[in-house]
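Coordinate inspection notes
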Amino acid sequence: MSNVKTPDKKMAQAAAKDQAAASGKKSKVGLIVIITIIALVAGFVLLSVFNVFGIRDNITFPFLRAVPFVGNLIPDDPYADLAPEQIWVLRETELQAQVVSLQSQLDIANAAIAPLEEELEFLQEILLIVDVELEILYELAEQYSDFLAMQEAFNRDVVNNSEGAFMRWFEEMHPELAEQIYREQLAVRNQDERRAHFIAVWSGISAQSAARAIEDMVLTDMRLIIDALSDMTPSNVTPIINALSPDTAALVLRHLEP
């Protein structure tokens, strides 16, 4: 008996599946139809709202005015009783009014933009100044970085007791002052050499010869005469002063007094 019932069950199951598939297809078709209708209605509403191709004035509003109760809610057509020429004149007037209104709005917008443009120009000028200041700051930062590097190198050389490195650093950092110091040192060195020279000469010649030399130099090298006599021994200075003329001797003694 079980062998007889099995085909019947399979046929019933197949029929149920076919019926469910057909029902599903019908549901899908119905859903597609509903979506299509909704899309068409929405498109028509949008066309009416924006009055594309005059649909609102020529189709939608005339149709709705004919519907009872609904027609009372729709505003009357201002062009219903006008001739085509009058409609064009009225619409042209409305368009001109819209143009005037838009022009007024544009003028207001331009008036509002003018101070903003001035402020923008002012901000651009400030931005240029800031850019220049930033460039100066960047340059100062680079110079400071170079200075730190030089200072570090100088410190290393000082630690190593390198006098030559110090002189090179001083010449690079203060070239004008270094040149002035060198000139002063050279002048002092020359003065010292001349003083040593005259001390040796005046100590080796007679007092009269030394006195004649001093008489010739008293107007031009008084400082050198005083420095040389100050470094000589009293036993050599006294005879020379005694051999000088009274005026020169008095002048020399005045400068030699402590």
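Residues numbered from 1 in each chain as written. Predicted model: local features only at pLDDT ≥ 70, side-chain atom pairs only at ≥ 80, totals over all residues. Heavy atoms only, no water.

1. Here we look at the packing of aromatic side chains
Scanning the model with the defined rule gives 1 aromatic pair in all. Geometrically, the ring pair formed by Phe198 and Trp202 is tilted, given 5.3 Å between the ring centres and 40 degrees between the ring planes. Within this pair, Phe198 and its partner Trp202 are both found in helix α5 (residues 175-204), separated by 4 residues, close to a single helical turn. Each member of the pair, Phe198 as well as Trp202, carries the same accessibility label: buried. (Phe/Tyr/Trp six-rings, centres within 6.5 Å; stacked < 30°, edge-to-face > 60°. Helix = DSSP H or I, 4+ residues; strand = E, 2+ residues; numbered from the N terminus. Buried < 20%, exposed > 50% of the residue type's maximum accessible area, 1.4 Å probe, protein only.)

2. Some remarks on the side chain of Thr248
For Thr248, the position within the fold is in helix α9 (residues 246-256). Residue classification places Thr248 among the buried residues on the basis of a relative accessible area of 8%. The residues touching Thr248, leaving out its near neighbours within four places in the chain, are Glu215 and Val218. (Contact = heavy atoms within 4.5 Å.)

3. Let's talk about a nonpolar patch on the surface
A cluster of nonpolar side chains, namely Phe122, Leu123, Ile126, Leu127, Val130, Val132, Leu134, Ile136, Leu137, Tyr138 and Leu140, defines an oily patch on the protein surface of about 1,000 Å² accessible area. Mapped onto the fold, Ile126 is located in helix α3 (residues 84-159). Look at Ile126 and you get partly exposed, because its relative accessible area is 33%. (Patch = residues over 30% accessible without salt bridge, like charges linked within 9 Å, V, L, I, M, F, W, Y side chains within 5 Å. Areas by Shrake-Rupley, 256 points an atom, 1.4 Å probe, with all protein chains shown as cover. Salt bridge = Lys/Arg side-chain N within 4 Å of Asp/Glu carboxyl O.)

4. Observations concerning helix α7 (residues 222-231)
Within α7, burial applies to Met222, Leu224, Ile225, Ile226, Ala228 and Leu229. Close packing links the buried residues of α7 with α5, α6 (207-217), α8 (234-243) and α9.

5. Remarks on the side chain of Arg195
With respect to the element layout, Arg195 can be found in helix α5. For Arg195, a relative accessible area of 19% gives the class buried. A distance of 3.0 Å separates a polar atom in the side chain of Arg195 from a polar atom in the side chain of Asp192. Each residue touching Arg195, except ones within four places of it in the same chain, is listed here: Leu224, Asp227, Ala228 and Asp231. (Polar contact = N/O pair within 3.5 Å; in protein donor to acceptor, adjacent residues only side chain to side chain.)

6. What to know about a negative patch on the surface
Where like charges cluster on the molecular surface, the negative patch consists of Glu117, Glu118, Glu121 and Glu125. Locating Glu118 in the fold gives a position in helix α3. Exposure remark for Glu118: the relative accessible area of 55% places this residue in the exposed category. (Lys, Arg positive; Asp, Glu negative; His and termini not counted. Charge placed at Lys NZ, Arg CZ, Asp CG, Glu CD.)

7. A look at the confidence of the model for the protein
Overall, the predicted model of the protein reaches an average pLDDT of 77, with 67% of residues at or above 70. Counting interchain partners and residues more than four positions distant, the pLDDT-below-50 stretch residues 1-5 has 0 contacts. (pLDDT = per-residue confidence, 0-100.)

8. Quick word on the nonpolar core
If you look at the biggest cluster of nonpolar residues, it comprises 22 residues, and the most contacted ones within it are Trp202, Ile214, Ile225, Leu229, Met232 and Ile240. Counting residues per element, the ones that place at least two in this core are α5, α6, α7, α8 and α9. Per-element tally for this core: the top contributor is α7, with 6 residues. When residues no more than four places from it in sequence are discounted, the contact partners of Met232 are Ile199, Trp202, Ser203, Val237 and Ile240. (Core = buried A, V, L, I, M, F, W, Y, C linked by side-chain atoms within 4.5 Å.)

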